[in-house]
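Inside the fold
Listed below are the residues making up each chain.
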Amino acid sequence: MTNKEVRVRFAPSPTGNLHIGGVRTAIFNWLFAKANSGKFILRIEDTDQNRYDENSEKSILSSLEWLSLDWDEGPFRQSERKDLYGNIAKKLVDSGWAYYDDTTSEELEELRQLQIREKRPPRYDNRGRYKEISHEYYEKNKDSKQIVVRFKVPDGGNKPFNDEIRGKVEFNLKEIDDFVILKSDGMPTYHLAHVVDDHEMKITHVIRGEEWISSTPRHVLIHDAMGWDYPKYVHVPLILGKDKSKLSKRHGAESALEYKDKGYLPEAIFNFLALLGWSPGDNSEIMTIDEIIEKFSVDRILGHPAVFDPEKLEWMNASYIRNLEDNTLSKMIIKEVDRPKEKGGLVSEKVSIEDITNRISILTPLIRERLRNVSESSFLLEYFFYDDLEIKKETLLPKKVEPKSIIDGLTKSITLIDEEKKFEPENLEEKFRELAKNSGLKAGQLFFPIRIALTGRKESPPLFDTMCAIGKEKSINRLYSAISIIKS
RNA sequence: GCCCCGUUGGUGUAGUGGCCUAACACGCCUGCCUUUCACGCAGGAGAUCACCGGUUCAAAUCCGGUACGGGGUACCA
């Protein structure tokens, strides 16, 4: 290969949110550009007027931005380049590589039904080839009639191409019918538009999903007809859900932005997705983006689909959270919980975001190791701010211990807390151990009911850290109400 | 149906002809740590490398077939 500049593109169509699979394709493109000091170009393939969704371009862009997949050029929009494709289509007609076809959709449907009935593969029968419709006829009638431009696929022979991952891939041209390159609304189809754009934009490597592999011969054919050089083709494997079907909403969140909302870190998503269908080959898993760029190469991309495992993503996200700076994590937690309590946050008439902010520096260390994604923050922090714990009597009473001695222990605990000047975890632990001993209880037998009383939960951060974070007064109150629950 | 691509523990991957009695990570289980959970640490279970045949002194690795999975088969991308 010559040492010309590497240029790749990510070319989503604005028909909805950016999918996890699309994100992964974008990541591979971006990585390849970075690894080769090339350019990453963003192109919006908006040639389908029917499926166009005006919000999705914005959503796609913000997904890419969230993941720091910055592009060097674009976004270009195909809808703004309509004339270009029309001209190429016309050229192809002139050179005999394409022709106008006015077969109606009804006729096409009729054809299809017949073929299905006769158990033949449903396929266009190239009937338009023989109609010999002229440019003049097309120009005069294109607005009133349904006329498309179809590419004239050679009747036989093979059209092999090289896929960088799989090697030589061969298709018999008999399998391919004359496909539409310009639709009756004057818009190009994907096949024409992307070939033209990739050529115009000097794309050197087409890195795209595996679903394109079977239409690649068409793309090659268009290149041939125009006398253009081929880009290198890299078809990356698809991402499947747990049941091995194409990843979809059924498998949980599927768009990048949903993961953002769920409290995942972009670095974790990036790292995780980079490892789906690709591996550095040296056992590295948690890597910085720079490390991934350094290790990335196309020949380590696999040729088979990967199953998306949400549990491993959780693990990886948790790992990233653990490595965050305290301040960074605190800010993220604050942002997450800064919503009304009814909407999954912690803010209410009683608790303001300032209250939370003031205490966050002691709370963050308590929950960080228990946080798999930031959206769990409200749940883990709730009892530090709210007293209305739901506690059942049974949970306060460990088996094999008399309720009386629990009440006794809790009562003494209140006194201890009340009289303790040095309200610090280490000191409290020491005192409480002593208290347990003197009350004839094992440490756990005393600590367990206290934990329930304080938090309403069976699991929490270390008891005395929790107690200190809750505060002296509130701790006492909660112990009182626990006692009254036992007595009730 | 037809065409294309693929197939290593439940999942992601390592392995590119002898070092493979198959490695790493997630998950699962056990133990340790500990007042609980989590983290961390130490172990464990789990794969006849889809199957069958061939090439070779030697195959997870090369070849062929079968099965299975995925993709495509639109005036969608």
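Up top you'll find the structure we're talking about.
The following refers to the structure shown.

Calculation notes
Residues numbered from 1 in each chain as written. Chains lettered and ligands numbered in written order. Predicted model: local features only at pLDDT ≥ 70, side-chain atom pairs only at ≥ 80, totals over all residues. Heavy atoms only, no water. Helix = DSSP H or I, 4+ residues; strand = E, 2+ residues; numbered from the N terminus. Rg over C-alpha atoms; globule rule 2.2 N^0.38 Å. Contact = heavy atoms within 4.5 Å. Areas by Shrake-Rupley, 256 points an atom, 1.4 Å probe, with all protein chains shown as cover. Lys, Arg positive; Asp, Glu negative; His and termini not counted. Charge placed at Lys NZ, Arg CZ, Asp CG, Glu CD. Near = heavy atom within 4 Å. Polar contact = N/O pair within 3.5 Å; in protein donor to acceptor, adjacent residues only side chain to side chain. Nonpolar A, V, L, I, M, F, W, Y, C, P; charged D, E, K, R; others polar. Salt bridge = Lys/Arg side-chain N within 4 Å of Asp/Glu carboxyl O. Buried < 20%, exposed > 50% of the residue type's maximum accessible area, 1.4 Å probe, protein only. Pairing = 2+ DSSP bridges. Axes fitted to C-alpha atoms, helices over the stretch in contact; angles between N-to-C directions. Parallel < 35°, antiparallel > 145°, perpendicular 65-115°, else oblique. Left-handed = near helix turned anticlockwise from the far one by under 90°. Right-handed = clockwise from strand over helix to strand, strands pointing away.

On a plain count of helices and strands, chain A comes out with 20 helices and 12 strands. Relative to a compact globule of 488 residues, whose C-alpha radius of gyration would be 23 Å, chain A shows 32 Å and is clearly more extended. C-alpha atoms of chain A, sized along the principal axes, occupy 100 × 50 × 40 Å. Within chain A, residue pairs in contact and separated by at least 24 positions form 75% of the contacts whose partners lie at least 6 positions apart. Summed over all atoms, the accessible surface of chain A reaches about 24,600 Å², with 48% contributed by carbon and sulfur. For chain A, the distance from the average position of its 76 positive side-chain charges to the average position of its 83 negative side-chain charges is 4 Å.

So, about the protein's contact with RNA strand B. With respect to spatial proximity, 58 residues lie near RNA strand B, and among them Gly 277, Glu 285, Glu 369, Arg 370 and Arg 433 are the closest. Within the contact set of RNA strand B, a sugar or linking oxygen lies 3.1 Å away from a backbone nitrogen or oxygen of Leu 275. Those elements that place two or more of their residues in the surface near RNA strand B are strand E5 (148-151), strand E12 (306-307), helix H11 (310-322) and helix H18 (443-455). When residues of the surface near RNA strand B are assigned to their parent elements, the largest contribution, four residues, is made by H11. Partitioned by chemical class, the residues of the surface near RNA strand B number 22 nonpolar, 12 polar and 24 charged.

Moving on to the pattern of salt bridges. With the rule as written, the count across this model stands at 38 salt bridges. A salt bridge links Arg 129 to Asp 178; the nearest nitrogen and oxygen atoms lie 2.6 Å apart. Taken as a pair, Arg 129 in the loop between helix H4 (105-117) and helix H5 (135-141) and Asp 178 in the loop between strand E7 (167-169) and strand E8 (180-182) lie far apart in primary sequence, 49 residues in all. For Arg 129, a relative accessible area of 13% puts it in the buried group. Here the residues in one salt-bridge network are Arg 9, Arg 43, Glu 45, Arg 81, Asp 197 and Asp 198, joined through shared partners.

Moving on to unusual backbone geometry. With omega at 5 degrees, the peptide bond leading from Gly 74 into Pro 75 counts as cis. Within the secondary structure layout, Pro 75 lies in strand E3 (residues 73-77). Here the phi dihedral of Ser 68 falls at roughly 60 degrees; this positive angle occurs in a residue that is not glycine. Summarising the element assignment, Ser 68 is placed in the loop between helix H2 (56-66) and E3. Look at Asn 283: it is not a glycine, yet its phi comes out positive at around 75 degrees. Mapping Asn 283 onto the fold places it in the loop between helix H9 (266-274) and helix H10 (289-295). By relative accessible area, which is 77% here, Asn 283 ends up exposed.

What follows covers the sheet that holds E8. What the three strands build is an open sheet, ordered E4-E5-E8; its pairing is antiparallel. With one partner strand each, in any of the chains shown, strand E4 (98-101) and E8 form the two edges of the open sheet. The mean angle between the axes of side-by-side strands here comes to 45 degrees, regardless of whether they run parallel or antiparallel. Bridge count for E4 against E5 is four bridges, and the pairing is antiparallel.

On to the side chain of Thr 364, then. For Thr 364, the position within the fold is in helix H13 (residues 353-367). Taking the relative accessible area as the measure of exposure, Thr 364 reaches 0% and is therefore buried.

On to the packing of H13 against helix H19 (residues 463-470), then. Running from amino to carboxyl end, H13 crosses H19 at an angle of 160 degrees, the nearest separation of the two axes being 11 Å. Taken as axis vectors, H13 and H19 run roughly antiparallel relative to one another. Here the hand of the crossing between H13 and H19 comes out left-handed. Here H13 contributes Arg 359, Ile 362, Leu 363 and Leu 366 to the contact with H19, which in turn contributes Asp 465, Ala 469 and Ile 470. A per-class count over the contact of H13 with H19 returns five nonpolar, no polar and two charged.

Summarising burial for strand E2 (residues 39-44): five of the six residues are buried, a large majority. Where strand E1 (residues 7-10) and E2 come together, four bridges link them in parallel fashion. Within E2, the position partnered with Val 8 by the bridge is Phe 40. What joins E1 to E2 is helix H1 (residues 20-35), and the crossover it makes is right-handed. Judged from the three bridges that link them, E2 and E3 form a sheet pairing that is parallel. In the sheet register, Ile 44 faces E3, and the bridge partner there is Arg 77. Note on the crossover from E2 through H2 to E3: the handedness is right-handed.

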